[in-house]
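# A look at the structure
Listed below are the residues making up each chain.
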Amino acid sequence: MDLEFSHPEDPNEVATFGDLKRFVKRAEEGGVSDDHPLLLETNGKGGDVSGFSVFLPVDF
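Everything quoted here is computed from the prediction, not taken from an experiment.

## A look at the pairing of strand β4 (residues 39-42)
- Bridge count for β4 against strand β5 (residues 49-53) is four bridges, and the pairing is antiparallel. Bridged to L39 within β5 is S53.
- Between β4 and β5, which follow one another and run antiparallel, lie six residues, and G44 among them has a positive phi close to 75°.

## Brief notes about helix α1 (residues 17-29)
- Over its 13 residues, α1 extends 18 Å from the first C-alpha to the last, a length consistent with the 18 Å expected when each residue adds 1.5 Å.
- Downstream of α1 by a residue or two, G31 has a phi angle that is positive, lying close to 100°.

## A closer look at the sheet that holds β5
- With respect to topology, three strands assemble into an open sheet ordered β1-β5-β4, the strand pairing being antiparallel. This sheet does not close on itself; its edge strands, each paired only once, are β1 (2-4) and β4. Pairs of neighbouring strands in the sheet enclose a mean axial angle of 30°, with direction left out of account.
- Pairing of β1 with β5, which is carried by three bridges, proceeds in the antiparallel orientation. When the sheet's bridge partners are listed, E4 is paired in β5 with G51.

## Description of the side chain of S50
- As for its placement among the helices and strands, S50 is situated in strand β5.
- Residues within four places of S50 in sequence aside, it is in contact with L3, E4, F5, S6, E41, T42 and N43.

## Things to note about the nonpolar core
- In this structure, L3, F23, A27, V32 and V54 together form the largest nonpolar core, which totals five residues.
- Residues contacting A27, with those up to four places away along its chain left out, are M1, V32, V54 and L56.

## Focus on a negative patch on the surface
- There is a patch of like negative charges on the surface, built from E28, E29, D34 and D35.
- Counting through the fold element by element, E28 comes out in helix α1.
- Note on E28: relative accessible area 53%, which makes it exposed.

About the thresholds
Residues numbered from 1 in each chain as written. Predicted model: local features only at pLDDT ≥ 70, side-chain atom pairs only at ≥ 80, totals over all residues. Heavy atoms only, no water. Pairing = 2+ DSSP bridges. Helix = DSSP H or I, 4+ residues; strand = E, 2+ residues; numbered from the N terminus. Expected span 1.5 Å × (residues − 1). Axes fitted to C-alpha atoms, helices over the stretch in contact; angles between N-to-C directions. Contact = heavy atoms within 4.5 Å. Core = buried A, V, L, I, M, F, W, Y, C linked by side-chain atoms within 4.5 Å. Buried < 20%, exposed > 50% of the residue type's maximum accessible area, 1.4 Å probe, protein only. Patch = residues over 30% accessible without salt bridge, like charges linked within 9 Å, V, L, I, M, F, W, Y side chains within 5 Å. Areas by Shrake-Rupley, 256 points an atom, 1.4 Å probe, with all protein chains shown as cover. Salt bridge = Lys/Arg side-chain N within 4 Å of Asp/Glu carboxyl O. Lys, Arg positive; Asp, Glu negative; His and termini not counted. Charge placed at Lys NZ, Arg CZ, Asp CG, Glu CD.

What follows is the structure in structure tokens.
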């Protein structure tokens, strides 16, 4: 599950506070806990942070 700070096709379109709230809500609904690792996504151009990712727990 990813949250990008800007749209990959339109860098002028940025993530909003509402996007962040929806990301957190979906992560919680997916079983992510407070101590679950948050992975930083970078743009590959000097390592600027471009978003966050989390792996949702899966029960088999």
